Amino acid sequence: MSQNARPKLEKKIVDAGYLLKEAPRTQQFITGAQAMAEAVKRANVDMAIAYPITPQSEVMHLVGDIYAQGHIKEYYRAEEELGTMSAIAGAARAGVRMFTATSGPGLLRGLEAIASWPGHRIPAVLGVLTRVVNAPLSIQPDNIEIAYLMHCGALVLHAENQQDTFDMTLAAFAIAEKVDVYIPVAVATEGFFVTHAKGYVNTTPEDMALTPIDPTAAPVPAMDNETPPARIQRDAPVQKSNFMSYLIHAVWQQEIWDSNKRSMKYIYEYLGGPIEVQDPEADVFVVASGCAAAQAREAHRYAQEEGLSVGFIKVRSIRPFPVDEIREAVKNAKKLIVPEHNIIGWLCKEVKASIPNSGIVVEGPRVYGGMTLPVELIMAEIYNALGIEHNMKL
Amino acid sequence: MEKKRYNMRVSGLGGQGVVTTAHILGSAMDNAGKYASLVPFFGSEKRMAPVEAYVRASTDPIYEVGEVVYPDIIMIYHPQVITHGKSYTMPFYMGLKPNSLVIINTDRDVLEPEDIRVLTELKATVVQFDATELALKIAGTELATNMAMMGMLLGLIKLVSMENIEHAVKERFLGTSFVTSGGTAALDSAIEKKFKKKEKLLSKNMEVISKTFEMADSVDLNSGKLVFQLAV
């Protein structure tokens, strides 16, 4: 694979806390795809595997470039997404730091392997650049795929903009490899709206890289020629009686969902917590994640200018879901508006399940098929919630 | 209609410089120390196919992304956008907010009675002028139509100074930091050949813009009048 002579780069190795919170930053005006690749560049990644799909292709193309520049040790294009995700699992078991990214149909194709990553304790980082998956198919940034992803056991972070994409991707490597976590982290953001649009991103120095992975600091030892995959040998469920297979399955899955919960402290440490709250005393809150949070932030500003009692909650972490944080933040709220880029309203369901009075949650506004989410739709719901007459001719 | 934020939809036909003007508008706002974001939207790139670009311009940072569905400024670069329905949004004023501005490049009044009814109800102001004729007259090429359209817009709402515009136009035609599609790059070299010198192109563009600023002075956006038909 590595026939091409690539430069050997000298980098200053720093820990995640320094890199994310203290390292000097310079501002760049770059796309979301570039922001993700810039994070991978600084994350001391051993290997990336790609299979192209719009709108992800931009990210993995850029990751290919940084491989050529010597920032990554290995890189190849797999046969398709199931192959990609299976190969990620194989390589990660050998104790190396792995990155890949995909979009919509590619994610669903790879999901069989991805669903098995957490149980096998694969601390890989997966970029999810959302795209329509349901018919009629299109390349636009509907984000319904996150509904399928969020029950796999992996952490799922949802980036609002280019800056989030950079910070969350970098933090993802650090969090995934914590010995009390050690499960994959998906960093999702909307295709095109974020991946192909430019925004201001404060990036850390290019010659500063995250501490390399330590395959010995893992709950399951990495395998090599002398270390067999002990856990699979010991626990191999398909070779055991039904009773044993149920037991082993329960142990593995309870283990990963506990790991998922334990990651919350690192989300606080590296990303400032799973939610951002503006105007905590407000009567009405707009609760949103990803790109919808950018639209909600704008609506919050419009509402402030009009002197309305409206707060804003951005949900950064979809898994683990900040149940306690949201319940506390909205305990005095009268209405919650949850704008989303998908038809089923997966965030809305999560929010409803987190609070005792789910009747205060407004179902929407939602746009489908990757359409833009006009701030005016959120404003209309805000006026409805506050009982304000409005005629927006929408 | 002075606002903190203008959300604009620019509709035209491939080759007219719709996306280019969106970029120049963005740079002009940036030069003025203000904020802008832009979203080009087109199918396969070809001449005369519908093209739309969306620009948000503000004195404050802009968070929202995506197409502008409810604009307060609509610019129509070609009368066929309206008369032949060469557009992603029909009718052309779909989503227009009350008290808004429409600028149409046309050699004749293209508004139908139904358009007039809706636009009157919305308290809109419609400025119609032959930007293509103006471009031919002053710059000697219809490729400067987009400059006439942008000039009229900025003359009407005074978002930025003439210096900001000149700097942005310079950046676009002389600078190296700008990335366009292959088709646009080819078109640029065609323009360059026509003008022989880039500097000449720049000064002709600026002449077109100055002229539209003069024309814009005759329009009172607060007069309550629906249609301004400006002679070129």
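Residues numbered from 1 in each chain as written. Chains lettered and ligands numbered in written order. Predicted model: local features only at pLDDT ≥ 70, side-chain atom pairs only at ≥ 80, totals over all residues. Heavy atoms only, no water.

Participant: For this particular structure, what's the right way to read the overall build of chain B?
Facilitator: For chain B, the helix and strand inventory stands at eight helices and seven strands. Over its C-alpha atoms chain B spans a radius of gyration of 16 Å, differing by no more than 12% from the 17 Å that the globule rule assigns to 232 residues. Principal axes of the C-alpha set define a box for chain B whose edges measure 45 × 35 × 35 Å. Per-residue burial over chain B gives 52% buried out of 232 residues. Long-range contacts, defined as pairs at least 24 residues apart, comprise 75% of the intrachain contacts of chain B with a sequence gap of at least 6. For chain B, the accessible area works out to roughly 10100 Å², and carbon and sulfur atoms hold 53% of it. (Helix = DSSP H or I, 4+ residues; strand = E, 2+ residues; numbered from the N terminus. Rg over C-alpha atoms; globule rule 2.2 N^0.38 Å. Buried < 20%, exposed > 50% of the residue type's maximum accessible area, 1.4 Å probe, protein only. Contact = heavy atoms within 4.5 Å. Areas by Shrake-Rupley, 256 points an atom, 1.4 Å probe, with all protein chains shown as cover.)

Participant: For this particular structure, what's the right way to read the overall build of chain A?
Facilitator: Of regular secondary structure, chain A possesses 14 helices and 16 strands. The C-alpha atoms of chain A give 21 Å as radius of gyration, which agrees with the globular expectation for 394 residues (21 Å, within 12%). With the principal axes as the frame, chain A shows a C-alpha extent of 70 × 55 × 45 Å. Evaluated residue by residue, chain A yields a buried proportion of 59% over its 394 residues.

Participant: Hey, could you run me through the sheet that holds strand β15 (residues 335-337) of chain A in this one?
Facilitator: Two pairing modes exist for strands in a sheet, parallel and antiparallel, and in both the strands are linked by backbone hydrogen bonds. Residue and element names in this part refer to chain A. Reading across from one edge, β11-β13-β12-β15-β16 is the order of the five strands in this open sheet, with mixed pairing throughout. Each of the sheet's edge strands pairs with one partner strand only, and the pair in question is β11 (275-278) and β16 (361-362). Against the sheet, helix α11 (residues 291-305) makes contact with β11, β12 (284-288) and β13 (310-315), and its axis sits at roughly 165° relative to β13, the strand it touches most. (Pairing = 2+ DSSP bridges. Axes fitted to C-alpha atoms, helices over the stretch in contact; angles between N-to-C directions.)

Participant: Where do I start with the interface of chain B and chain A in this structure?
Facilitator: By a widely used convention, the size of an interface equals the accessible area lost when the partners come together. At the interface, 17 residues of chain B touch 18 residues of chain A. The junction of chain B with chain A conceals about 1600 Å² of combined surface from both sides, 54% of it contributed by carbon and sulfur atoms. Of all residues in chain B, Y63, V65 and Y70 of chain B give up the largest surface area on contact with chain A, accounting jointly for 41% of the area buried on that side. Inspection of the chain B/chain A interface yields three salt bridges. (Buried area = accessible area lost by both parts, 1.4 Å probe. Salt bridge = Lys/Arg side-chain N within 4 Å of Asp/Glu carboxyl O.)

Participant: Please explain the layout of surface pockets as it appears in this structure.
Facilitator: The probe, sized like a water molecule, is rolled over the atoms to show the empty space still left. Its boundaries defined by the atoms lining it, the second largest pocket holds a volume of some 440 Å³. Along its surface, the second largest pocket is lined by 18 residues, and Y302, E305 and E306 of chain A together with R5 and K97 of chain B are the ones closest to its centre. Of all the secondary-structure elements, those providing two or more residues to the lining of the second largest pocket are α11 and α14 (375-386) of chain A together with β1 (5-13) of chain B. A total of four residues in the lining of the second largest pocket trace back to one element, the largest contributor, which is α11 of chain A. Each residue belonging to the lining of the second largest pocket can be placed in one class, and the counts come to five nonpolar, two polar and eleven charged. (1 Å grid on protein atoms, 1.4 Å probe; cavity = no way out; pocket = protein on both sides within 12 Å on 5 of 7 lines; lining within 4 Å. Points joined across faces, edges and corners; volume = space filled by probe spheres on them. Nonpolar A, V, L, I, M, F, W, Y, C, P; charged D, E, K, R; others polar.)

Participant: Got a minute to help me understand the packing of helix α4 (residues 131-139) of chain B against helix α5 (residues 145-157) of chain B in this structure?
Facilitator: To characterise two packed helices, one gives the angle between the axes of the helices and the distance between these axes. All names here are of chain B. For the pair α4 and α5, interaxial distance at closest approach is 8 Å and the crossing angle is 115°. The orientation of α4 relative to α5 falls into the category roughly perpendicular. Between α4 and α5 lies a crossing whose hand is right-handed. Two secondary-structure elements touch here, α4 through A131, T132, L134 and A135 and α5 through T145, A148 and M149. Taken together, the residues of the contact of α4 with α5 sort by class into five nonpolar, two polar and no charged. (Parallel < 35°, antiparallel > 145°, perpendicular 65-115°, else oblique. Left-handed = near helix turned anticlockwise from the far one by under 90°.)

Participant: Before we go on, may I ask you to explain unusual backbone geometry in this structure?
Facilitator: Glycine aside, the phi torsion of most residues is negative, and most peptide linkages are trans. For the peptide bond that leads from A135 of chain A to P136 of chain A, omega is -5°, which places it in the cis range. Here M90 of chain B and P91 of chain B are connected by a cis peptide whose omega angle stands at -10°. Relative to the helices and strands, P91 of chain B resides in the loop between α2 (80-83) and β5 (101-105). Unlike most non-glycine residues, F192 of chain A shows phi in positive territory, near 55°. Within the secondary structure layout, F192 of chain A lies in the loop between β8 (185-190) and β9 (198-203).

Participant: Is there a simple way to think about α4 of chain B in this case?
Facilitator: Side chains that are three or four residues apart share a direction in an α-helix, a result of its 3.6 residues per turn. Residue and element names in this part refer to chain B. Looking at α4, one finds that the buried residues are A131, T132, L134, A135 and A139. All buried residues of α4 lie within an arc of 160° about the axis, which places them on one face of the element. Of the residues flanking the end of α4, it is G140, one or two places downstream, whose phi is positive at about 75°. (Arc of directions from axis to C-beta.)

Participant: Got a minute to help me understand the nonpolar core in this structure?
Facilitator: For soluble globular proteins, nonpolar side chains are generally found buried alongside one another. Of all hydrophobic cores here, the largest spans 53 residues; its most connected members are V59, M60, V63, I72, F99 and Y270 of chain A. Ignoring any residue separated from it by four or fewer positions in sequence, one finds V63 of chain A in contact with A37, V40, A48, I72, Y75 and F99 of chain A. (Core = buried A, V, L, I, M, F, W, Y, C linked by side-chain atoms within 4.5 Å.)

Participant: Is there a simple way to think about empty space enclosed by the protein in this case?
Facilitator: Evaluation of the coordinates by the stated rule reveals two cavities of 30 Å³ or more. E376 of chain A together with R56, E64, E67 and V69 of chain B are the residues nearest the centre of the second largest cavity, which is lined by 13 residues in total. Classifying every residue of the lining of the second largest cavity gives six nonpolar, three polar and four charged.

Participant: Would you take a moment to explain the sheet that holds strand β3 (residues 47-50) of chain A for this structure?
Facilitator: Residue and element names in this part refer to chain A. The seven strands lie next to each other as β4-β3-β5-β6-β8-β7-β14, forming an open sheet whose pairing is mixed. A single partner strand is all that each edge strand has here, and the edge strands are β4 (74-77) and β14 (317-319). In this sheet, neighbouring strand axes are inclined to one another by 20° on average, regardless of whether the strands run parallel or antiparallel. Packed onto the sheet, helix α4 (residues 81-93) meets β3, β4, β5 (98-102) and β6 (125-130) and runs at close to 165° relative to β5.

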